[in-house]
Amino acid sequence: MSEQKLRAKELDAADVLAARRAAFVLDGDGGANGGGTVYLDGNSLGALPAAVPGRIEDVVRRQWGELRIRSWTEEGWWTAPERIGDRIAPLVGAAAGQVVVGDSTSVNVFKAVVGAVRLARLTAGAAGAARDEIVVDATTFPTDGYIAASAARMTGCTLRPVPPSGIPDALGERTAAVLLNHVDYRTGRLHDLPALTAAVHAAGAYAVWDLCHSAGALPVGLDEHGVDLAVGCTYKYLNGGPGAPAYLYVRAELQDRFDSPLPGWNSHAEPFGMRPEYAPAPGALRGRVGTPDILSMLALEAALDVWDGDVTIEEVRAKSLALTDFFLECVEAYVPGGRVECLTPRPHGERGSQIALRCPDAGDVMQRLIGRGVVGDFRHPDVLRFGFTPLYVGFADTERAARVLAEVLAETGA
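Counting of residues starts from 1 at the beginning of each chain's written sequence and follows it residue by residue. Reporting of local features is limited, given that this is a predicted model, to residues whose pLDDT is at least 70; pairs of side-chain atoms are given and counted only at 80 or more, and all residues count toward the totals for whole chains, interfaces and linings. Excluding hydrogens and water, the side-chain figures rest on all heavy atoms present in the structure.

(A) Representation of the UniProt feature "modified residue: N6-(pyridoxal phosphate)lysine" (unreviewed entry) in the protein chain within the structure. UniProt positions are given in the numbering used here, feature names are shortened, and annotations may be inferred rather than shown by experiment. Under the local residue numbering, the UniProt record ascribes the feature "modified residue: N6-(pyridoxal phosphate)lysine" (unreviewed entry) to Lys236. Labels follow the DSSP assignment, with helices taken as runs of H or I lasting at least four residues and strands as runs of E lasting at least two, numbered in each case from the N terminus. Along the polypeptide, Lys236 turns up in the loop between strand 9 (229-232) and strand 10 (247-250). Excluding residues within four positions of it along the chain, Lys236 makes contact with Gly42, Asn43, Ser44, Gly46, Cys212 and His213. In this description, contact between two residues means that some pair of their heavy atoms is separated by no more than 4.5 Å.

In C-alpha cells:
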C-alpha cells in the first residue's frame, strides 16, 4: 500500500465529519475500496441528500394531492422563503430576518445591483456625488457580468470591469455599487471579503457579493464584515438540487431603504389586498417577487437537514483545506512534474473548496476521468476543476482521484 493510501486511511479514521456521508445518496463506497464513483463536482451540483425524496413525495402526494391549496397556510408554503432563508443565514454568517429564498441567482444579482445603486444615490442625496458607476469583478462568472451591464444601462451608470486585486484603487466618488465573487469559479481563488468590503464602504459605495462558490464550504461572515447585499445559489455546496432557488441577503440596517427593481405581489405589505399601488413589505420580505417554486423550495429545505446537529461551518472549512492540501500532495506524488499546473492558490486564506488544474486536452482528460469513476468538470479551454464537498468527500476519494488522474495522463500523453 502506497504512502498516500496509508495517509488517506488514517485521515478518514480521524475525520469528525465522516458520518455525514451516510446522509447522501452516493455510488458504492467511493474511494474507500476503489469502487463506486468519486464525486468531485459538488461545486456545480451537490449530491442528493437522502432525506429529500421522501420529503418531496409527501409534498406531492399529501400536501398538494390531498390538502391542495390549504397547504399554503397549513403546511407553511407561504412562509417558506423566509423560513428557509433563516436556515441558510447561519451558514453565511447572518442573523435571522436578512435572507429570503426565491428566484434564480441571476434574478437576485439584478435585484441586488440595482438596489445597491438606488441605495447609493439615496445616501448621496441632492448635494452628493453623481454615483453613476458600477464596478464589477472582471473575472466574474459571465452571467454576473451580463446582469451588471444590464443594471448599468437601466440606471444610467457606466460599467467598469476591474480585477479584484485592483478594486481598492479603482473606487471613487462616482462609484455606486461593486459586484464581487467570493470565490473565483475557474481557479478556486478566495477573495478577501472583509478588506474589499471595507474599501467599498470607504468610497461611499455599496458592496454586493456573489457567494455561489463559498456558501456551505467556508465561513463568510456577512454580518461581521458589514456586507450590504449578497446572493447565492443553493445547488452547489448546499445540495439543494438542480435549479434549486437562490437567496438574497439584505443587511438589516438597509432593509427599510432597499428598493427592489422587481416589486411583486409577494413582496407587497398587503399581498392579498390587491392594491394598484405598491407598498413594500418590511424586512427581507421585500426581496420576494412572485409565487415561490414550492417543490424546489421544499426540496432545498429537506436538503438543509444535513446541517442539523453538531456540524459547524468551521469544521467543514477545516476539512475542506485538509482535503485540498491532500489532493495537491497526491497529485505531486503521482503526476510527473510539468504535466499539470495548479491554478488554485496554495495559501489557505486564498483558497476556496476546489482545485483547478491546467493541462493540455483537459476536455478529453475529464471525459476519461469520468469514464473511470472520478467525476469533476472541465472549463474551456484547458482547466480541470475538482470540487471538494467536505460533508461527503473523504480522503480515500481524494487519493483515488489523484491516482486515476495520473493514470489517465500517462495513457493520453497529455
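(B) Looking closely at the sheet that holds strand 5 (residues 133-137). Judged by pairing direction, the sheet is mixed, and its seven strands sit side by side in the order 4-10-9-8-7-5-6 without closing on themselves. Every interior strand has two partners, whereas the edge strands, strand 4 (99-101) and strand 6 (158-162), have only one. Taken pair by pair, the neighbouring strands of this sheet meet at an average axis angle of 20°, ignoring direction. DSSP-based pairing: two strands are paired if at least 2 bridges between them are found. Axes here mean lines fitted to C-alpha atoms, for a helix over just the part in contact, with angles spanning 0 to 180 degrees between N-to-C directions.

(C) Summary view of unusual backbone geometry. Geometrically, the link from His380 to Pro381 is a cis peptide bond, its omega value of 0° lying close to zero. Residue position: Pro381 is located in the loop between strand 14 (377-379) and strand 15 (383-387). A positive phi is found at Arg131, a non-glycine position, where the angle reads about 50°. Of note, Arg131 is situated in the loop between helix 5 (105-124) and strand 5.

(D) Quick peek at the UniProt feature "binding site: pyridoxal 5'-phosphate" (unreviewed entry) in the protein chain. Mapped onto the present numbering, the UniProt feature "binding site: pyridoxal 5'-phosphate" (unreviewed entry) falls on Thr105, Ser106, Phe141, Pro142, Thr143, Asp144, Asp210, His213, Tyr235, Trp265 and Thr291. Spatial dispersion of the annotated residues is evident: they stretch over 187 residues in sequence, and the largest pairwise C-alpha distance comes to 30.9 Å. With respect to the element layout, Pro142 can be found in helix 6 (residues 142-155). For Pro142, a relative accessible area of 31% gives the class partly exposed. With respect to the element layout, Thr143 can be found in helix 6. Think of it in three bands: residues with accessible area under 20% of the maximum for their type are buried, residues over 50% are exposed, and the middle band is partly exposed, with areas taken using a 1.4 Å probe on protein chains only.

(E) Highlighting the domain arrangement of the protein chain. Domain ranges listed in this record stem from an automatic or a database domain assignment. Assigned domains of the protein chain: these are domain 1 (3-50 + 311-411) and domain 2 (78-291). Centre-to-centre separation of domain 1 and domain 2, based on C-alpha positions: 31 Å. With both sides pooled, the region where domain 1 packs onto domain 2 buries about 1,900 Å², and carbon together with sulfur makes up 57% of that total. For this document, the term salt bridge refers to a Lys or Arg side-chain nitrogen within 4 Å of an Asp or Glu carboxyl oxygen. Linking domain 1 with domain 2 are one salt bridge, by the criterion used here. The shortest N-O distance in the salt bridge between Arg189 and Glu350 comes to 3.3 Å. Simply put, the buried area is the total loss of 1.4 Å probe accessible area from both parts when two parts are fitted together.

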